[in-house]
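Next come the chains, spelled out residue by residue.
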Amino acid sequence: MNYSRRDILKLIGLGTLSLGGGVALSGCLPTAKSGSTPVLAEEWRRGVCRFCGTGCGVMIGLRDQKVVEVKGDELAHNRGMLCVKGSLLPEILKLPGRLQYPMIRKNETLERVSWDEAMTLVAERFEAVLRKQGPKAVAFYGSGQLFTEESYTANKLFKAGLRSNNVDGNPRLCMASAAFGYVKTFGKDEPMGCYEDIEHATCFFLIGANSYECHPVLFERILLRRRQNRQVKIIVVDPRRTKTASYADHFIQPLPGTDLLLLNAMAHVMLEDGLIDQAFIGEHCRFQGNDGPTNLEGFRLFLQDYSPEKVAPEMGIAPSQIREIAYLFARSKATMSLWTMGLNQRTQGVYLNTMMNSLHLITGQICRPGATPLSLTGQGNACGGVRDTGSLAHLLPAGRLIKKPKHRAEVEKLWKLPKGTISPEPGYHAMELFKAMGDGRVGCALIMASNPMQTLPDLTAVRERVKKCFTIVAEPFEDARTLEIADVVLPAALWVEKEGVYGQTERRYQLLEKLVDPPGEARSDLDILIDLAKRLKLDRIITAHSPEAVWKEWIDFSAGSKYDFSGITRDRLKEERGLQWPCPTVDHPGTKRRFVGGDDPLVTPGKKVEFYGNKDKKAVIFLRPYHPAPERPTKKFPLLLTTGRVLEQWHSGTITDKIKELSNASGRGKVEINLQDAHRYGIKMGTRVKVVSAFGALTLNAVVTDTPKAGVLFVAFFDAKRLINQVVAPHYDAISKQPEFKVTAVRIEKV
Amino acid sequence: MDITTAIKIIGMVVILIGIILCIGVSKTSLYSPLYKRIAPLAFLVVPFFVVALGNYHVLEGSQKVSSCVRCHVMAPMANDMMDPQSTTLAARHYKNGWIVSKQCFTCHKDYGLNGTIKAKLDGFRHLVKYTLRTYEEPTRFVGRFNNQNCLNCHRGTPNFEAIKSHHTIRNRLETSQTNCTHCHGFPHPTPLERTPGTARYDELMKGEMVHERRRP
Amino acid sequence: MSISKRILFLVAHFRVSKRILVLSAYVLCEWFLIVPDPLPMALFVFVAQPFFAFAGFIYILEVIEELKQRGVL
């Protein structure tokens, strides 16, 4: 350090100042308030982020009845962290292009009408179709972005009121396979683990998940865990060298569509090398083959075909890699696997999910802190809103199935319906629904908070077909692609313009309160549903008319079920930072780890672990044979296209793509191509190329990179102006009906 | 010897002189010529220097980590920072030696001599609250997180510039509208961990007394 | 009676000694310089500094009064 004359002067000056200042201050201190720092917001309220399934708690800063800023909620599970999308939440309410009033399509153009006129028309059309074609001809297509109250009401309105089981939604495209996986293995849906397990895990197995970009807050938490302890290993399995993979200790890069081989080969190694937990299997598991029950020997026999040496060539990886990660997975103190669309959006999605669960079961890496199979969710309320309320075509609320007469009877009793009200036949799942809308089987459909005309596969065909159906779309933004097929457009409220409950990945319900008024005449989706119910004279079914009343009805409904959250009252939600179910009483703190004695109130007292979802209280290990994906590289289509997401965009980009900070960062119109492929086809950075499949084509700019494996192309699906789903094949999982967005055979042509 | 220690020692000497002068004043008659010579020194000149040096000591001497932890509410922050197991931003900066000395001050630049008047006033307010015990634990940060404290070092580094969204939200970052901590984790233990009565709180309070770390 | 005289009168009445003020302030400052704990820091900022200021103020008043008496001012 050195003195300068300025320093000395400053020193003397400050000394003198503080002599006076000190005296003055001692007098005026009581009035010096803590809020003296210049803060933009006048008032801070709690809320939940609008975007992904992580469900981060946010503090929302208000000024003059406007949301002016957000920050992470330090007391919520995300401990004050947000991602770049969440940080820009205040922008979403200021975005241009919000729908302000209802519109009806007259002579090919949408014209402004009053709410009354629009709703009268909607009710008339519903009634007409019901009269003419019966209940099977009306449908609801919902979303994992609707509040729980809204999904529950829609589900009840259609299944109980209109007696139509055609209630499905975009979670079908997103996590149906995960839901089926959990149900098949454990008897009940929803993960048993929680985010806190990240702090206990010593091995992370990320497969088909690009968490760095899609769940940044969780991925940062994983990285924090590893920073704390370098013994913690991260294994990433992905056909692309994603940003997530760049942090991996072990990175496996198989060809798209082959990873059931990997999981089976891992099981093979575990059995061969004695890495399994016999005691756990004996006590808590049973085996199920495709043709009847079997045992560990049967499993061993089945896995003989899946030795790493046999399967590795087809996957394009080395056998030693499989052995390495199988050992790490089985022998780490606590292994946590995380996956998303890479396993779910697959024709073998359910097989992959059950196999993922099975790997945890055979190694006993389950129901301990840090050891858990956790399927990450893409939408904020797909778990709580759609899976729990049973707003899918084959489900009834709280884990019940339409197929089972007992379940139907239970629901009819709870909803106080005459026996036999609920139709015994499951409705159309999303893929079938949009076919039915095209061929006249469905004459009238209500679409809410979802953008199927961008997100469905084989879009060109679908878009042409569905124009015949009378479609009502409730949506906040006027440029959503689905509005192109709408006959009636209803302006919907967004985020904090309405009140409701979000349920995220770890079974945590969180309340989002209404803080501002929606623009123009926009209404909450719940109001629209209640209005529709009134006009269809179904008020006796839809009796709860406020979010609070619906929530009360729903928690009372859940009481006694395996989903019991009757303890999660509205008042508690207002007080606490979300609660995890099962939570059967108002004084229960919520359940961090399900099926674990001492934590989960539904486990028989005295038991350490109990998979009470199945009747015999055992989890099922399935023998799942690998079938190659229907789309394979051929002479005509030698490459495989896989679609996905980027950090700065969320879902179909209807919201995020309008925020310039995000859209400028994400870029657009790009197809990622491997260096080798680029060389082979003579493609350079920025070359205009056409990606062609048997279903459609799209012109994009090539980005030559080492990210995708050789033979693989990658395109993000957020761009509403360049619909990559026109190119994607419409094959779907036979069990979950979830389409395979991840594997489409394509060729690439220079334009 | 750094300047703050020098100031400290000079201060102590000046005070001793002041005390001697003061005693001298009390020994002399009010009307003696000696009084007229000593009194202005004892009552005006020496106090002036003592106050100046003392304030310098308040503002600059307190930049050391060791002086920050003297406050019991700051102990969890410092103990956490010294904990190699911890993953808070402070702890990571510390254990990796990204900041060599004055670890608290380097990221909280506001409170030094060059900081704003507002920071000074805040400091005085905290001092009063602390001495009079009119605060509650866990203490909470009520102001706006100042990104400049991060950007001072990180701005312009390749890792920072490589992230596209850093460019697109640059304005928001510069004006602290979007906090660095949103995406990059919490700088210190969260209020939840610093709540008395919890196990984590006891752990955080137990840490050993800290010394400034220097590179050899 | 002038204001300064009144103040001095009060000071005398309450037996405020500037020597004691300044001495105690010196001691507080020394304490703070040796042990930079929050308590001595607070005492320095909120007690010692005002003491110095007050003592200096009284001294200046005394000087002014004396100068007035001598007819300099």
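Since we're looking at a predicted model, the values are computed, not measured. (Residues numbered from 1 in each chain as written. Chains lettered and ligands numbered in written order. Predicted model: local features only at pLDDT ≥ 70, side-chain atom pairs only at ≥ 80, totals over all residues. Heavy atoms only, no water.)

**Side note on the overall build of chain A**
Okay, so step 1: On a plain count of helices and strands, chain A comes out with 25 helices and 29 strands.
Okay, so step 2: Its C-alpha atoms give chain A a radius of gyration of 27 Å, within 12% of the compact-globule value 27 Å for 751 residues.
Okay, so step 3: For chain A, the C-alpha atoms occupy an extent of roughly 90 × 70 × 70 Å along the three principal directions.
Okay, so step 4: Taking all 751 residues of chain A together, 66% fall into the buried category.
Okay, so step 5: Across chain A, every contact between residues at least 6 apart in sequence was considered, and the portion connecting residues at least 24 apart equals 72%. (Helix = DSSP H or I, 4+ residues; strand = E, 2+ residues; numbered from the N terminus. Rg over C-alpha atoms; globule rule 2.2 N^0.38 Å. Buried < 20%, exposed > 50% of the residue type's maximum accessible area, 1.4 Å probe, protein only. Contact = heavy atoms within 4.5 Å.)

**Remarks on the overall build of chain C**
Okay, so step 1: Each helix and strand in chain C was counted, giving three helices and zero strands.
Okay, so step 2: Reading the secondary structure of chain C in the N-to-C direction produces α-α-α.
Okay, so step 3: Relative to its length of 73 residues, chain C is extended, with a C-alpha radius of gyration of 15 Å against a globular reference of 11 Å.
Okay, so step 4: Principal-axis analysis of the C-alpha atoms gives chain C an extent of 50 × 25 × 15 Å.
Okay, so step 5: Across chain C, contacts joining residues at least 24 apart in sequence account for 65% of those joining residues at least 6 apart.
Okay, so step 6: As displayed, chain C has an accessible area near 4,000 Å², and 71% of this comes from carbon and sulfur atoms.
Okay, so step 7: Looking at charge distribution, chain C has the averaged site of its 7 positive side-chain charges lying 14 Å from that of its 5 negative ones. (Areas by Shrake-Rupley, 256 points an atom, 1.4 Å probe, with all protein chains shown as cover. Lys, Arg positive; Asp, Glu negative; His and termini not counted. Charge placed at Lys NZ, Arg CZ, Asp CG, Glu CD.)

**Quick word on the state of the cysteines**
Okay, so step 1: Scanning all chains against the criterion turns up zero disulfides over all chains.
Okay, so step 2: The thiol of A:Cys49 is not disulfide-bonded; the next cysteine sulfur, from A:Cys56, is found 6.2 Å away. (Disulfide = S-S within 2.5 Å.)

**Observations concerning helix H1 (residues 3-27) of chain B**
Okay, so step 1: In a regular helix each residue adds 1.5 Å, so 25 residues correspond to 36 Å; H1(B) covers 36 Å between its end C-alpha atoms and thus fits that length.
Okay, so step 2: If you check which residues of H1(B) are buried, you get B:Ile3, B:Thr4, B:Ala6, B:Ile7, B:Gly11, B:Val14, B:Ile15, B:Gly18, B:Ile19, B:Leu21, B:Cys22 and B:Val25.
Okay, so step 3: Packing partners of the buried residues in H1(B) comprise helix H2 (33-60) of chain B together with helix H2 (18-34) of chain C. (Expected span 1.5 Å × (residues − 1).)

**As for the sheet that holds strand E18 (residues 470-475) of chain A**
Residues and elements named next belong to chain A.
Okay, so step 1: Across the sheet, seven strands lie side by side as E5-E4-E19-E18-E17-E6-E7; this open sheet has mixed pairing. In this open sheet, the two strands that pair with only one neighbour each are strand E5 (109-112) and strand E7 (167-169). Across this sheet, the average inter-strand angle for adjacent strands is 20°, counted without regard to direction.
Okay, so step 2: In the sheet, E18 pairs with strand E19 (residues 488-491) via four bridges, with the strands oriented parallel. Looking at the pairing, Ala 474 lines up with Leu 490 of E19.
Okay, so step 3: Taken strand by strand, helix H5 (residues 148-161) contacts strand E6 (138-142), E7 and strand E17 (444-448), and its axis lies near 165° from that of E6. (Pairing = 2+ DSSP bridges. Axes fitted to C-alpha atoms, helices over the stretch in contact; angles between N-to-C directions.)

**A few points about the packing of aromatic side chains**
All names here are of chain A.
Okay, so step 1: Enumeration according to the criterion identifies 35 aromatic pairs over all chains in this entry.
Okay, so step 2: Summarising the aromatic geometry, the rings of Tyr 141 and Phe 434 are spaced 5.0 Å apart at their centres and angled 80° between planes, so their arrangement reads as edge-to-face. One end of the pair, Tyr 141, is in strand E6; the other, Phe 434, is in helix H18 (residues 430-439), and 293 residues separate them in sequence. Of the two residues, Tyr 141 and Phe 434, both sit in the buried class.
Okay, so step 3: Both rings, one in Tyr 152 and one in Phe 557, keep their centres 6.3 Å apart while their planes meet at 75°; by these two values the pair is edge-to-face. Of this pair, Tyr 152 sits in helix H5 while Phe 557 sits in helix H22 (residues 547-558); the two residues are 405 residues apart in sequence, bridging distant segments of the chain.
Okay, so step 4: Looking at Tyr 152, the relative accessible area reads 1%, which means it is buried.
Okay, so step 5: Taken together, Tyr 152, Trp 415, Tyr 509, Trp 551, Trp 554, Phe 557, Tyr 563, Phe 565 and Trp 581 form an aromatic cluster joined through their ring pairs.
Okay, so step 6: The cationic tip of Lys 71 hangs over the ring face of Trp 44; the distance from NZ or CZ to the ring centre is 4.3 Å.
Okay, so step 7: Above the face of the Tyr 428 ring, Arg 441 is positioned so that its terminal group lies 5.1 Å from the ring centre. (Phe/Tyr/Trp six-rings, centres within 6.5 Å; stacked < 30°, edge-to-face > 60°. Lys NZ or Arg CZ within 6 Å of the ring centre and 35° of its normal.)

**A look at the pairing of strand E20 (residues 500-503) of chain A**
Okay, so step 1: Along E20(A), one buried face is formed by A:Gly500 and A:Tyr502 and the opposite face, lined by A:Val501 and A:Gly503, is buried too.
Okay, so step 2: Hairpin connection, E20(A) to strand E21 (residues 508-512) of chain A: the antiparallel pair is bridged by four residues, and A:Arg507 has positive phi, about 65°.

**A few points about unusual backbone geometry**
One can expect most non-glycine residues to show negative phi and most peptide bonds to be in trans.
Okay, so step 1: In this model, A:Trp581 is joined to A:Pro582 through a cis peptide bond whose omega is 0°.
Okay, so step 2: Residue placement: A:Pro582 occurs in the loop between strand E22 (579-580) and strand E23 (619-622).
Okay, so step 3: B:Glu137 connects to B:Pro138 through a cis peptide bond whose omega is 0°.
Okay, so step 4: By secondary structure assignment, the location of B:Pro138 is in the loop between helix H7 (117-131) and helix H8 (148-154).

**Quick look at the pattern of salt bridges**
Okay, so step 1: All told, the structure shown has 63 salt bridges over all chains when counted by the stated rule.
Okay, so step 2: A:Arg227 is the partner of A:Glu220 in a salt bridge, and the nearest nitrogen-oxygen pair spans 3.1 Å.
Okay, so step 3: Its relative accessible area of 12% is what places A:Glu220 among the buried residues.
Okay, so step 4: For the salt bridge of A:Glu410 with A:Lys406, the shortest nitrogen-to-oxygen distance reads 3.5 Å. One end of the pair, A:Glu410, and the other, A:Lys406, are both in helix H17 (residues 405-414), four residues apart, so they sit about a helical turn from each other.
Okay, so step 5: Residue A:Glu410 is classed as partly exposed on the basis of its relative accessible area of 27%.
Okay, so step 6: Residues joined by salt bridges that share partners form a network here, namely A:Glu91, A:Lys94, A:Lys660, A:Glu661 and B:Arg172. (Salt bridge = Lys/Arg side-chain N within 4 Å of Asp/Glu carboxyl O.)

**Quick look at the confidence of the model for chain C**
Okay, so step 1: On average, residues of chain C carry a pLDDT of 83, and 99% of them reach 70 or more.
Okay, so step 2: This complex was scored by the predictor with a pTM of 0.88 and an ipTM of 0.82. (pLDDT = per-residue confidence, 0-100.)

**Digging into the packing of H1(B) against H2(B)**
Residues and elements named next belong to chain B.
Okay, so step 1: As a packed pair, H1 and H2 sit with axes 9 Å apart at the nearest point and diverge in direction by 155°. The angle between H1 and H2 falls in the class roughly antiparallel. In this structure, H1 meets H2 at a crossing whose hand is left-handed.
Okay, so step 2: Tallied by class, residues from the contact of H1 with H2 come to 19 nonpolar, four polar and two charged. (Parallel < 35°, antiparallel > 145°, perpendicular 65-115°, else oblique. Left-handed = near helix turned anticlockwise from the far one by under 90°. Nonpolar A, V, L, I, M, F, W, Y, C, P; charged D, E, K, R; others polar.)

**Quick notes on the sheet that holds strand E10 (residues 250-252) of chain A**
Residues and elements named next belong to chain A.
Okay, so step 1: Pairing is parallel across the open sheet formed by five strands, whose spatial order is E10-E9-E8-E13-E14. Of all the strands in the sheet, the pair left with one neighbour each is E10 and strand E14 (372-375). Recorded for the sheet is a direction-independent mean angle of 15° between the axes of neighbouring strands.
Okay, so step 2: Relative to strand E9 (residues 233-237), strand E8 (residues 203-207) runs parallel, the two being bridged by five bridges. Each residue of the ladder has a partner; that of Phe 204, found in E9, is Ile 234.
Okay, so step 3: This element, helix H6 (residues 176-186), spans strand E13 (335-339) and E14 of the sheet and lies at about 150° to E14.
Okay, so step 4: Contacts between helix H15 (residues 349-363) and the sheet are confined to E8, E13 and E14, with E13 contributing the most and set at about 170° to the helix.

**Thoughts on the side chain of A:Asn165**
All names here are of chain A.
Okay, so step 1: The residue Asn 165 is located in the loop between H5 and E7 in this model.
Okay, so step 2: For Asn 165, the side chain forms a polar contact with the main-chain oxygen of Ser 423, separated by 2.8 Å.
Okay, so step 3: Side-chain polar atoms of Asn 165 contact the backbone oxygen of Glu 425, separated by 2.7 Å.
Okay, so step 4: Those residues in contact with Asn 165, other than ones at most four positions away along the chain, are Lys 159, Ala 393, Ile 402, Ile 422, Ser 423, Glu 425, Pro 426 and Gly 427. (Polar contact = N/O pair within 3.5 Å; in protein donor to acceptor, adjacent residues only side chain to side chain.)

**Concerning the nonpolar core**
All names here are of chain A.
Okay, so step 1: In terms of nonpolar packing, the biggest core is built from 67 residues, with Phe 205, Met 266, Met 270, Phe 299, Leu 359, Ile 362 and Phe 611 touching the most fellow members.
Okay, so step 2: Top contributing element to this core by residue count: helix H9 (residues 259-272), with 10 residues.
Okay, so step 3: Listed in part, the 62 residues of the second largest apolar core include Ile 104, Ala 449, Tyr 563 and Cys 583. (Core = buried A, V, L, I, M, F, W, Y, C linked by side-chain atoms within 4.5 Å.)

**Examining the environment of A:Tyr306**
All names here are of chain A.
Okay, so step 1: Structurally, Tyr 306 can be placed in the loop between helix H11 (296-303) and helix H12 (308-315).
Okay, so step 2: Residue Tyr 306 is classed as buried on the basis of its relative accessible area, which comes to 9%.
Okay, so step 3: In sequence terms Tyr 306 and Cys 56 are 250 residues apart; their C-alpha atoms lie 40 Å from each other.
Okay, so step 4: Not counting residues within four places of it along the chain, the set of residues in contact with Tyr 306 comprises Leu 261, Asn 264, Ala 265, His 268, Val 311, Arg 624, Pro 625 and Tyr 626.

**Section: the pairing of strand E25 (residues 670-674) of chain A**
Looking along a regular strand, one sees side chains alternate from face to face of the sheet.
Residue and element names in this part refer to chain A.
Okay, so step 1: Counting buried positions along E25 yields four of five residues, so the element is predominantly enclosed.
Okay, so step 2: Judged from the five bridges that link them, E25 and strand E27 (residues 697-705) form a sheet pairing that is parallel. For Glu 672, the partnering residue across the bridge sits in E27 and is Val 703.
Okay, so step 3: Strand direction decides the pairing type here: E25 and strand E28 (residues 712-716), joined by two bridges, are antiparallel. Residue pairing in the sheet places Ile 673 in a bridge with Leu 713 of E28.

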